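Structural description and commentary
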Amino acid sequence: MASSKRKMNRRTAITETARAAGAVCLGGFSLAALVHMARQADARALRPPGAQPEADFLSACVRCGLCVQACPYGTLSLAEWGQEPAVGTPFFTPREVPCYMCRDVPCARACPTGALDGDIAIRDANMGVAVLVGHEDCLNYKGMNCSICVRVCPIRGDAITLEPGEYNGRRIMIPTVHSRHCTGCGTCEKHCVTGHASIRVLPRDLGLGGSGRNRAGRKA
Amino acid sequence: MNARWLIADSRRLGVQAHGVLRAHKWWLLRRICQISVLGLFMLGPMAGIWIARGNFAASQIGGVVPLADPYILIQGLFGGASPAIPVVTGAIIIALAYLIVGGRVYCGWVCPVNIVTDAAFWLREKTGLTRDRKLDRRSRLGILAATLLASALTGTVAWEFVNPVSLMQRAFISGIGFGWAIILAVFLLDLFVSRRAWCGHLCPVGAFYGLIGRGSLVRVAAVNRDACTDCGACFTICPEPHVIVPGLKGTGSPLILSGDCQNCGGCIDACPVDVFRMTTRLTVPQAREGG
């Protein structure tokens, strides 16, 4: 290196080293801060089946797009600048094209990095969970028998069922998601007849509650 | 309209001595190589011809051979990933390949951003822009270290959130969105701010491949340096002019041994008296240490 050949006394050597180390730290921390902001996963960004938890996914995925090219339905795409997920990472938007849950999971199998688990059985996939978010617009809540979400669900009879209930003094059939069976494929969201889907796939940590007591305000 | 106007000033002497085609030989080969590599990856998504799958980050060639970018893999390792076998195999294959042909051959012969920065440099010459904010070419090593630090701090592949190289190859293979703004920024930086700013001073991808290139087999050598007329054409055209000095003006080996050399052959194209040749370490004797 050029620097090693230059005549240098101890003082300049220390100063130069400190300067370089300072610059590296400044650059490193700035980039880290940028990454920290950019990687906040958007609720609308769903990962392909078999994806590791988001934190592990972002260090493993090299953004090669092999999963995208392996998908026979054009479900997946790599995020461009200005889209919700971290730039270059694969995601899908179920309202446009849901995951059709191929038996052989070609996307996960194509992954060279392990960011997607190639051995996953598609029924165990955990892309998210369907949540009936729009009670006010859902036709079943209005007393009709739309139930399209129940009828299109590929995990028929298990992931979404109709449960009798009462709403505004009327007997209705409520589409009810069973998170243990739902893979988050998004077929229900795709086919929901309301203008903006009343049932939507959310990442599990956003879409589900948790058992146990609220820890807020309690001592550990 | 005189098409000769398009010829870069630094190639003038080469063109006079050898004609337009010979003075663009390596340049043409590089552009063909860059466009073919990109085209190979575009054939799949655009035309359904799947010779290569994936993109420059990782790919599968002919359905069999895995390739992967070792720099991205190393960032992932700093980020705490435990990568699967295909990506590791692919990164080793790529690292070995560049160890043979020259690390920064990636920059000169594959990277699409090179076309952008070469264009900026050409336009600089044509418009007579001379503003040159001096940058330290070792900055890129600092940036390289910073990207690894950021990867470790955030547990991600940090540079991939910004990397214009990845953005641009994805632009053609899948899509880029607002990422064009970053490519434009690189172009303007090279055009208005500093000569060869991006590839020659800042890009950590180039810095990484430069480290691999220190030991590479294929090298340019100033085999015929006694004929040198000191016209300066090679220094003007070279994206890393400092690499030429020891081989051309030194008393030791005529080999250009710096890892920063892209083996782009620009000096071979531009030289009117055929000083340079593409060769290997083994065919040209290296001088002893300090010789």
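Residues numbered from 1 in each chain as written. Chains lettered and ligands numbered in written order. Predicted model: local features only at pLDDT ≥ 70, side-chain atom pairs only at ≥ 80, totals over all residues. Heavy atoms only, no water.

As a further point, take the confidence of the model for chain B. When pLDDT drops low, the exact placement of atoms in the prediction is not to be read closely. Model confidence for chain B is summarised by a mean pLDDT of 92, while 97% of its residues fall at 70 or above. Across the whole predicted complex the pTM is 0.89, and at the interface the ipTM reaches 0.89. (pLDDT = per-residue confidence, 0-100.)

Attention shifts here to the pairing of strand β3 (residues 65-68) of chain B. Bridge count between strand β2 (residues 58-61) of chain B and β3 of chain B: 4 bridges; the pairing is antiparallel. Within β3 of chain B, the position partnered with Ser59 of chain B by the bridge is Leu67 of chain B. (Pairing = 2+ DSSP bridges. Helix = DSSP H or I, 4+ residues; strand = E, 2+ residues; numbered from the N terminus.)

Let's shift gears to the state of the cysteines. Residues and elements named next belong to chain B. One pass over the full model with this rule turns up 0 disulfides over all chains. The thiol of Cys238 is not disulfide-bonded; the next cysteine sulfur, from Cys264, is found 6.1 Å away. Lacking any disulfide linkage, Cys267 is separated from the closest cysteine sulfur, that of Cys264, by 6.5 Å. Cys267 sits in the buried class, given a relative accessible area of 10%. (Disulfide = S-S within 2.5 Å. Buried < 20%, exposed > 50% of the residue type's maximum accessible area, 1.4 Å probe, protein only.)

Moving on, we get to the UniProt feature "transmembrane region" (unreviewed entry) in chain B. Residues and elements named next belong to chain B. Using the residue numbers shown here, the UniProt feature "transmembrane region" (unreviewed entry) corresponds to residues 32-52, 72-101, 141-159 and 171-193. End C-alpha to end C-alpha, residues 141-159 measures 14 Å, and it is 74% helix and 0% strand. In the segment residues 171-193, helix accounts for 74% and strand for 0%; the C-alpha atoms at its two ends are 25 Å apart. (UniProt positions renumbered as here; feature names shortened; annotations may be inferred.)

Turning our attention to the nonpolar core. Core analysis: the biggest nonpolar cluster contains 59 residues, and Tyr98, Tyr106, Trp198, Val205, Tyr209 and Phe276 of chain B have the highest contact counts within it. Beyond its immediate chain neighbours, meaning those up to four positions away, Tyr209 of chain B contacts Asp69, Pro70, Ile94, Tyr98, Gly103, Arg104 and Tyr106 of chain B. (Core = buried A, V, L, I, M, F, W, Y, C linked by side-chain atoms within 4.5 Å. Contact = heavy atoms within 4.5 Å.)

Take the environment of His24 of chain B next. Residues and elements named next belong to chain B. Tracing the sequence through the fold places His24 in the loop between α1 (12-18) and α2 (25-47). Judged by relative accessible area, His24 falls into the buried class, the value being 12%. It is 9.3 Å that separates the C-alpha atoms of His24 and Ile268, two residues lying 244 residues apart in sequence. Not counting residues within four places of it along the chain, the set of residues in contact with His24 comprises Ile7, Arg11, Val15 and Asp269.

Our focus in this paragraph is the pairing of strand β3 (residues 129-132) of chain A. Along any regular strand the residues' side chains alternate between the sheet's two faces. Residue and element names in this part refer to chain A. Burial of β3 is two-sided: the residues Val129 and Val131 facing one way and the residues Ala130 and Leu132 facing the other way are all buried. Where β3 lies against strand β6 (residues 199-202), 4 bridges are found, and the strand directions are antiparallel. When the bridges of β6 are listed, Val129 appears paired with Leu202.

Time to look at the packing of aromatic side chains. Both the distance between ring centres and the angle between the ring planes are used here to describe each pair of aromatic rings. All names here are of chain B. Scanning the model with the defined rule gives 11 aromatic pairs over all chains in all. Consider the rings of Phe208 and Tyr209, whose centres lie 5.5 Å apart with planes at 85°: the pair is edge-to-face. When its relative accessible area of 12% is taken as the criterion, Phe208 is described as buried. The exposure class of Tyr209 is buried, given its relative accessible area of 1%. (Phe/Tyr/Trp six-rings, centres within 6.5 Å; stacked < 30°, edge-to-face > 60°.)

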